[in-house]
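Structural features, examined
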Amino acid sequence: MLATLRICALLGVSLLATVASADYLDTRNEFRTTQPETVEAMVVLVPEFDGAIAAPEGWPAATATQFQRALEAQAFTGALGEQFEILAPSGLESQRLVALGVGAGQSLPRADAESVGAALATLLSTRASSTVAVNSSLLPQGSDQSSTVAALAHGADLANYRFDRYKSAPEPRPAQTYYWLTATPNAAEERYAELRALAEGVFTARELTNLPGSDGYPAAFAEQVRSRLEPLGVKITVLTPKQILEEGMEALYGVSRGSQHGSHLLIAQWRGSKAAPIALVGKGITFDSGGYNLKLDANSLLAMTGDKAGAAAVAGTIEALARQRVPIHVVGVMPLSQNAVSGTAQLPGDVVTSASGITIEIANTDAEGRLVLADGIWYAREKFEPLVIVDIATLTGSKVRALGSDYAAVFSTDDNLVASITEAGELTRERVWRLPLGPYEKIIDSTVADIRNTGSPGAQAGAVFLQRFAGETPWVHVDMAGNGRYDAASQPPLTGATGYGVRLLTEWVKLYAKAPAE
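Residues numbered from 1 in each chain as written. Predicted model: local features only at pLDDT ≥ 70, side-chain atom pairs only at ≥ 80, totals over all residues. Heavy atoms only, no water.

1. Re the overall build of the chain
Note the following rule: By the criteria applied, helices consist of DSSP H or I runs no shorter than four residues and strands consist of E runs no shorter than two, each listed in order from the N terminus. Our radius of gyration is a C-alpha quantity, and the globule rule it is checked against amounts to 2.2 Å times the number of residues to the power 0.38. Three labels apply to residues, based on accessible area from a 1.4 Å probe with only protein chains included: buried if under 20% of the type maximum, exposed if over 50%, partly exposed otherwise in between. The charge count includes Lys and Arg as positive and Asp and Glu as negative, but it does not include His or the ends of the chains. Where a charge sits is defined by one atom per residue type, namely NZ (Lys), CZ (Arg), CG (Asp) or CD (Glu).
A tally of helices and strands in the chain yields 14 helices and 21 strands. Against the globule reference of 24 Å for 518 residues, the chain gives a C-alpha radius of gyration of 25 Å, in line with a compact fold. Considering only C-alpha atoms, the chain reaches an extent of 85 × 55 × 40 Å along its principal axes. A buried classification covers 58% of the 518 residues belonging to the chain. Between the centroid of the 41 positive side chains of the chain and the centroid of its 55 negative side chains there is a distance of 3 Å.

This is how it looks when you write it as structure tokens:
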């Protein structure tokens, strides 16, 4: 269970604020005006400079001279992400002194600060430094020091996450105590508390996505989300397979027909206001064999524990918003199925009737994500009458071939919605790129049913299919295939689930809620 945020009292003459660690982390963060008497590592944030750079005030002359000469010898310029390390610095009790470049400009963009914080955490995770002081005094006067420092700490948190629950003898997690030195520690702590809540949502999404199919099946996924979100005041509703059929959601129900783990529908409602809700719908295929259109590539099959990343992103977003106590009404709808093969499994050529009454030809059992989303979108629209619907899914290989993993694809007819989600993507570096919906309206036409679940081009076929179920409600489809899982080191460094979508959607919800009504 994730730990709740805790704010400690002011200590001594130095303004100090502390946020307790989540269970996912063994690190600790303090924000203060003065440095502790001894730390094992001292980090100095160095803005880009041309010529000479002054050392922080209060340093011994020997330390300042060594610092300046070392930077000159290294041709260190303060460029973003640049690092330089001095061992056993003169005049300091610290074992190492690290210069960390933060680039030019009056303020460091949030995403850049997070990247620098992640790089710092990566460096220190290989060093025996349990106490670290990060000095921000060289940042330009007038810069928003508190937000920069909070974002640095957030980036370090994201980099320090480890998925190790299945390790019999897991390696020790990073366990540093960070002292973030800033002129405005209370403001930095307040901003960090908001980002820490966001990080905990990301960790939840990563954890859920990383779960193997035998542990993360629909009912288990729903109960894990319940255990994490209900204590925060989130209303959780779970529909069983029988209830799903009673609602007429054959498209959702049918995907799990071949599995002993029947489909479930998970609804998480954060009622931060009495206004009509914003609806988030996430694809939750807890394992995808492809059904009778079986996936034949072993590596592709192995990655199919990640086909629930959309639902995990929605769960993590609701958690982050609830932890931040945002005054916004948000509902997350997560249709959950396990796509398996058996004598009862859905067959290619079958026809199912969605809850909206639209009949669907199952032209390919491996195009199952849009089936569960069809009924999930319908449920969100009919039961909650939301202001807007955003669905998010690891939906198509076509999207990966078009955009790779640096951008998710977005589809919508609403230019303002696309603009706002693009803005949120730039802010968080969970970037999106708009792809066209038209002129593709007929690519999912069927000769035996109203529509079929395949078409070409593939990413557009998925989007056009889902658009049918949004009705007149403003709607955006996010195809995050390729974004939800990394199998190699990245920045921040991680393997497996990325938690993509939590930061994007959390910031987008707040941007959308602030936008003036048209």
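2. Structural notes on a nonpolar patch on the surface
Our working definition: Note that patches include only residues with greater than 30% relative accessible area and no salt bridge, and the join distances are 9 Å for like charges and 5 Å for nonpolar side chains (Val, Leu, Ile, Met, Phe, Trp, Tyr). Here, Shrake-Rupley sampling with a 1.4 Å probe gives the accessible areas, and only protein chains in the shown set may cover a residue. Salt bridges are defined as contacts in which a side-chain nitrogen from Lys or Arg sits within 4 Å of a carboxyl oxygen from Asp or Glu.
A surface patch of nonpolar side chains, amounting to about 500 Å² of accessible area, comprises Tyr292, Leu294, Leu296, Val341 and Leu347. You can see Tyr292 is positioned in the loop between strand 11 (284-288) and helix 8 (298-302). Judged by relative accessible area, Tyr292 falls into the partly exposed class, the value being 39%.

3. Section: helix 14 (residues 502-514)
Convention followed: For a helix, the expected span equals 1.5 Å multiplied by the number of residues minus one.
Spanning 13 residues, helix 14 covers 19 Å between terminal C-alpha atoms, matching the ideal 18 Å at 1.5 Å per step. Along helix 14, the positions that sit buried rather than exposed are Val502, Arg503, Leu504, Leu505, Thr506, Glu507, Trp508, Val509 and Lys510.

4. Digging into the confidence of the model for the chain
Quick note on the threshold: Residue-level confidence of the predictor is what pLDDT reports, using numbers from 0 through 100. By definition in these notes, contact holds between two residues if any of their heavy atoms fall within 4.5 Å.
In the predicted model, the chain carries a mean pLDDT of 91, and 93% of its residues have values of at least 70. The model gives residues 1-22 a pLDDT under 50, and that stretch makes 63 contacts with residues more than four places away or in other chains. Residue range residues 488-492 is modelled with pLDDT below 50. Its contacts to residues more than four positions away, or to other chains, number 9 contacts.

5. Quick notes on unusual backbone geometry
The linkage connecting Gly438 with the following residue, Pro439, adopts the cis geometry, with an omega of 5 degrees. Along the chain, Pro439 turns up in the loop between strand 17 (432-434) and strand 18 (451-452). Located in the positive-phi region is Ala75, a residue other than glycine, with phi close to 60 degrees. Its location among the elements puts Ala75 in the loop between helix 1 (61-74) and strand 4 (83-87). Its relative accessible area of 54% is what places Ala75 among the exposed residues. Located in the positive-phi region is Arg429, a residue other than glycine, with phi close to 65 degrees. Residue position: Arg429 is located in the loop between helix 12 (415-428) and strand 17.

6. What about the packing of aromatic side chains?
Formally: In summary, the pairing rule links any two rings of Phe, Tyr or Trp, Trp by its six-membered ring, whose centres are within 6.5 Å, and it sorts them by plane angle into stacked for under 30 degrees, edge-to-face for over 60 and tilted for everything else.
In the structure shown here, the tally under the stated rule is 12 aromatic pairs. Where Phe163 meets Tyr166, the ring centres are 5.9 Å apart and the plane angle is 55 degrees; that geometry is what we call tilted. Ring geometry for Trp378 against Tyr379: centres 6.4 Å apart, planes inclined by 65 degrees, an arrangement best described as edge-to-face. Connected via pairs of aromatic rings, a cluster forms that spans Tyr24, Tyr161 and Phe203.

7. Looking at the sheet that holds strand 14 (residues 359-361)
For clarity, the threshold we go by: Only strands that DSSP links by at least two bridges are regarded as paired with each other.
Pairing within the open sheet is mixed, and its 3 strands lie in the order 13-14-18. Unpaired on one side and paired on the other, strand 13 (351-353) and strand 18 mark the two borders of the sheet. By the bridge criterion, 3 bridges tie strand 13 to strand 14 in an arrangement that is antiparallel. The partner of Thr353 across the bridge, within strand 14, is Thr359.

8. What about the packing of helix 2 (residues 110-124) against helix 3 (residues 145-160)?
How two helices sit against one another is set out by the angle between their axes and by the gap between those axes. For clarity, the cut-off: Note on geometry: axes are lines fitted to C-alpha atoms, helical ones only across the stretch in contact, with angles between N-to-C directions running from 0 to 180 degrees. Note that the term roughly parallel is reserved for angles under 35 degrees, roughly antiparallel for angles over 145, roughly perpendicular for angles of 65 to 115, and oblique for everything else. Each crossing is labelled by how the near helix is turned from the far one, with a counterclockwise turn of less than a right angle marking it left-handed and a clockwise turn marking it right-handed. When residue character is reported, Ala, Val, Leu, Ile, Met, Phe, Trp, Tyr, Cys and Pro are called nonpolar, Asp, Glu, Lys and Arg charged, and the others, Gly included, polar.
Running from amino to carboxyl end, helix 2 crosses helix 3 at an angle of 50 degrees, the nearest separation of the two axes being 6 Å. In this view, helix 2 runs oblique relative to helix 3, as classed from their interaxial angle. In the packing of helix 2 onto helix 3, the handedness of the crossing is right-handed. Two secondary-structure elements touch here, helix 2 through Arg110, Ala113, Glu114, Val116, Gly117, Ala118, Ala121 and Thr122 and helix 3 through Thr148, Ala151, Leu152, His154, Gly155, Ala156, Ala159 and Asn160. Per-class residue counts for the contact of helix 2 with helix 3 are 8 nonpolar, 6 polar and 2 charged.

9. Observations concerning the pattern of salt bridges
Close approach of charged atoms lets side chains of opposite charge pair. For the structure on display, the rule yields 28 salt bridges. A salt bridge links Glu194 to Lys510, with the nearest nitrogen and oxygen atoms 3.1 Å apart. Note that Glu194 is positioned in helix 4 (residues 185-210) and Lys510 in helix 14, a separation of 316 residues in sequence. Ionic contacts of the salt-bridge type, sharing partners, join the residues Arg110, Glu114, Arg191, Glu194, Arg503, Glu507 and Lys510 into one network.

10. Re the side chain of Asp288
Put simply, the test is: In protein, a polar contact means a hydrogen-donor-capable atom and an acceptor-capable atom, both N or O and within 3.5 Å, with residues adjacent in sequence counting only if both atoms are side-chain atoms; elsewhere, any N or O pair within 3.5 Å suffices.
In this fold, Asp288 is placed in strand 11. Relative accessible area serves as the criterion here: at 2%, Asp288 is assigned to the buried category. For Asp288, the side chain forms a polar contact with the side chain of Lys295, separated by 3.4 Å. Here the side chain of Asp288 touches Asn339 through a polar contact of 2.8 Å, side chain to side chain. Contacts of Asp288, omitting those with residues within four sequence positions, involve Lys295, Leu301, Met304, Asp307, Asn339, Asp366 and Glu368.

11. Structural notes on the packing of helix 4 against helix 5 (residues 218-229)
It is the contact of helix 4 with helix 5, at a shortest axis distance of 11 Å, that shows an interaxial angle of 160 degrees. In this view, helix 4 runs roughly antiparallel relative to helix 5, as classed from their interaxial angle. The interaxial crossing formed by helix 4 with helix 5 has right-handed handedness. Within the contact between the two elements, helix 4 uses Thr204, Glu207 and Leu208 and helix 5 uses Phe221, Gln224, Val225 and Arg228. Residue composition of the contact of helix 4 with helix 5, by class: 3 nonpolar, 2 polar and 2 charged.

12. Describing the environment of Ala340
Following the sequence through the fold, Ala340 ends up in the loop between strand 12 (329-339) and strand 13. Sequence-wise, Ala340 and His261 are 79 residues apart; in three dimensions their C-alpha atoms are separated by 9.3 Å. With residues up to four places along the chain from it excluded, the contact list for Ala340 reads Gly258, Ser259, Ser289, Gly291 and Ala345.

13. Focus on the environment of Gln95
Turning to its location among the elements, Gln95 is positioned in the loop between strand 4 and strand 5 (96-101). C-alpha separation for the pair Gln95 and Met42, spaced 53 residues apart in sequence, amounts to 8.2 Å.

14. Notes on helix 4
Spacing of three or four residues puts side chains on the same side of an α-helix, whose turn is 3.6 residues. Taking 1.5 Å per residue, 26 residues should reach 38 Å; helix 4 reaches 35 Å between its end C-alpha atoms and fits that length. For helix 4, the buried fraction is high: 21 of the 26 residues fall into the buried class.

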